[in-house]
Amino acid sequence: MLAQTLALHQQRINVQLSARIDALDDIDLQLKAAMKQGALVGGKRIRPFLVYAIGDMLNVKLEILDACAAAIECVHAYSLIHDDLPAMDDDALRRGQPTVHVAFDEATAILAGDALQSLAFEIISEPTDGLSPSQQLAMVKALAKAAGYHGMCGGQAMDLTATDTHIELATLIQLHKLKTGALIRCAVEFAIIAANTNAIERQILLDFADAIGLAFQVQDDVLDIIASTEELGKPQGSDTDSNKSTYPKLLGLAGAQQTATSLIDDALSALAKLPYNSQLIAEFARFIIERRV
């Protein structure tokens, strides 16, 4: 069931993203092409999947969730384009394809990332049937926080600072809660806002989101060691070669794998408290630490 639903949601969000970018005026065709490469070449679509799957579990129609699912994937795509730049991680491959700055040039890649970030807020702020202005404002605030200083950008800055140094486990956890976890938490928060969920269920779902967000990053660190370049779609061992702070580096490979398993156990325990059919979401949680990409 998970594989089929993932594929359906991936197809749905790809249609949304392609239509949104194609609808832009032809101010600069190279910039539009770079945006499309960054947003549409491959990708697991984990964040849109969470928006759709959690929303569906909470009885929210998928049509209501299309805009926020597209917006969060635009922000994710922008972050990857910028992460790959020479001044950041300096990667030449992403999802098995040349990174945007390699396929085009560095200036175009910077602008493509900037434009995708702006497009995200255009999309999410447009009037949407089924959402009140106050709900949409809450979504805008959640996305801005998750993407900025108190979220992804802050975590990326911590990651750069931690390169070539030894950091404590608590610092590494905080780093990845921001760099990776904040946007995953935001995807779940979008569904919560759309469903007008009560305070108790909201906290349970956010606890679930925090656990899977951290587990996702731990598994990424593990895969950097055990997966091949072909599986990863980028050079195997790139984090190790860059002397990044990772869970295997701090805890050992077995310790990192155990940490990922414990986090998923926490996520599943949270789900069990909800009065909904959460089988699909539970399957997805297990998938996070079973995946090879």
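Residues numbered from 1 in each chain as written. Predicted model: local features only at pLDDT ≥ 70, side-chain atom pairs only at ≥ 80, totals over all residues. Heavy atoms only, no water.

Our next topic: the overall build of the protein. Along the protein, the regular secondary structure elements total 15 helices and two strands. The C-alpha atoms of the protein give 18 Å as radius of gyration, which agrees with the globular expectation for 293 residues (19 Å, within 12%). For the protein, the C-alpha atoms occupy an extent of roughly 50 × 50 × 35 Å along the three principal directions. Counting all 293 residues of the protein, 51% fall into the buried class. Total accessible area computed for the protein in this model is approximately 12900 Å², and 54% of it derives from carbon and sulfur atoms. (Helix = DSSP H or I, 4+ residues; strand = E, 2+ residues; numbered from the N terminus. Rg over C-alpha atoms; globule rule 2.2 N^0.38 Å. Buried < 20%, exposed > 50% of the residue type's maximum accessible area, 1.4 Å probe, protein only. Areas by Shrake-Rupley, 256 points an atom, 1.4 Å probe, with all protein chains shown as cover.)

What follows deals with the nonpolar core. Ranked by size, the top nonpolar core spans 89 residues in total, and within it L50, I54, L116, L143, F190, F208 and I212 carry the most contacts. For F190, the contacting residues outside a window of four places in its chain are V51, C68, I72, I124, M139, A142 and L143. (Core = buried A, V, L, I, M, F, W, Y, C linked by side-chain atoms within 4.5 Å. Contact = heavy atoms within 4.5 Å.)

With that settled, consider the environment of S242. Positionally, S242 belongs in the loop between helix 12 (238-241) and helix 13 (247-251). As for S242 and Q10, which are separated by 232 residues in sequence, their C-alpha atoms are 31 Å apart. Here S242 is in contact with T163 and D164, once residues within four sequence places are set aside.

What follows is about the packing of helix 1 (residues 2-22) against helix 15 (residues 279-290). In the contact formed by helix 1 and helix 15, the axes pass within 10 Å of each other and the chain directions differ by 90°. The angle between the axes of helix 1 and helix 15 places the two elements in the roughly perpendicular class. Only L280, E283, F284 and F287 of helix 15 make contact with helix 1, whose side of the interface consists of L2, T5 and L6. Of the residues belonging to the contact of helix 1 with helix 15, the class tally is five nonpolar, one polar and one charged. (Axes fitted to C-alpha atoms, helices over the stretch in contact; angles between N-to-C directions. Parallel < 35°, antiparallel > 145°, perpendicular 65-115°, else oblique. Nonpolar A, V, L, I, M, F, W, Y, C, P; charged D, E, K, R; others polar.)

Side chains three or four residues apart in an α-helix point the same way, a direct result of the helix having 3.6 residues per turn. Across its 22 residues, helix 4 (residues 62-83) extends 30 Å between first and last C-alpha, which sits within 8% of the 32 Å expected from 1.5 Å per residue. Where burial is concerned, most of helix 4 is hidden: 20 out of the 22 residues are buried. (Expected span 1.5 Å × (residues − 1).)

Our focus in this paragraph is the side chain of T5. By secondary structure assignment, the location of T5 is in helix 1. Relative accessible area serves as the criterion here: at 15%, T5 is assigned to the buried category. A polar side-chain atom of T5 sits 2.8 Å from the main-chain carbonyl oxygen of M1. Residue contacts for T5: discarding those within four places in its chain leaves F49 and L280. (Polar contact = N/O pair within 3.5 Å; in protein donor to acceptor, adjacent residues only side chain to side chain.)

Let's shift gears to the packing of aromatic side chains. Applying the stated criterion across every chain yields a total of two aromatic pairs. Taking 4.9 Å as the distance between ring centres and 35° as the angle between the ring planes, the aromatic pair formed by F49 and F284 counts as tilted. Here F49 is found in helix 3 (residues 46-57), whereas its partner F284 is found in helix 15, with 235 residues between them in sequence. Relative to F287, the ring of F284 lies with its centre 6.1 Å away and its plane at 35°, an arrangement referred to as tilted. A residue pair is termed a helical-turn pair when its members lie 3 or 4 positions apart in one helix, as F284 and F287 do in helix 15 at three residues. Of note, R47 hangs over the ring of F216, and the distance from its end group to the ring centre comes to 5.8 Å. Between R291 and the ring centre of F216, over which it is positioned, the NZ or CZ distance is 3.9 Å. (Phe/Tyr/Trp six-rings, centres within 6.5 Å; stacked < 30°, edge-to-face > 60°. Lys NZ or Arg CZ within 6 Å of the ring centre and 35° of its normal.)

Counted according to the given criterion, the structure contains 13 salt bridges. As a salt-bridge pair, R12 and E63 come within 4.0 Å of each other at their nearest N and O atoms. Note that R12 is positioned in helix 1 and E63 in helix 4, a separation of 51 residues in sequence. One continuous salt-bridge network, built from bridges that share partners, spans D89, D159, K179 and K244. (Salt bridge = Lys/Arg side-chain N within 4 Å of Asp/Glu carboxyl O.)

In this structure, F190 sits in helix 9 (residues 169-195). Exposure remark for F190: the relative accessible area of 0% places this residue in the buried category.

Attention now goes to the packing of helix 4 against helix 9. Contact pair helix 4 / helix 9: the axes reach a minimum separation of 11 Å and the direction vectors enclose 165°. Relative to helix 9, the element helix 4 lies roughly antiparallel. The two elements helix 4 and helix 9 meet at a crossing, and its hand is right-handed. For the pair helix 4 and helix 9, the contacting residues are L65, C68, I72, V75 and H76 in the first and L183, C186, A187, F190 and A194 in the second. (Left-handed = near helix turned anticlockwise from the far one by under 90°.)

As far as function goes, none of this settles anything; it's purely spatial.
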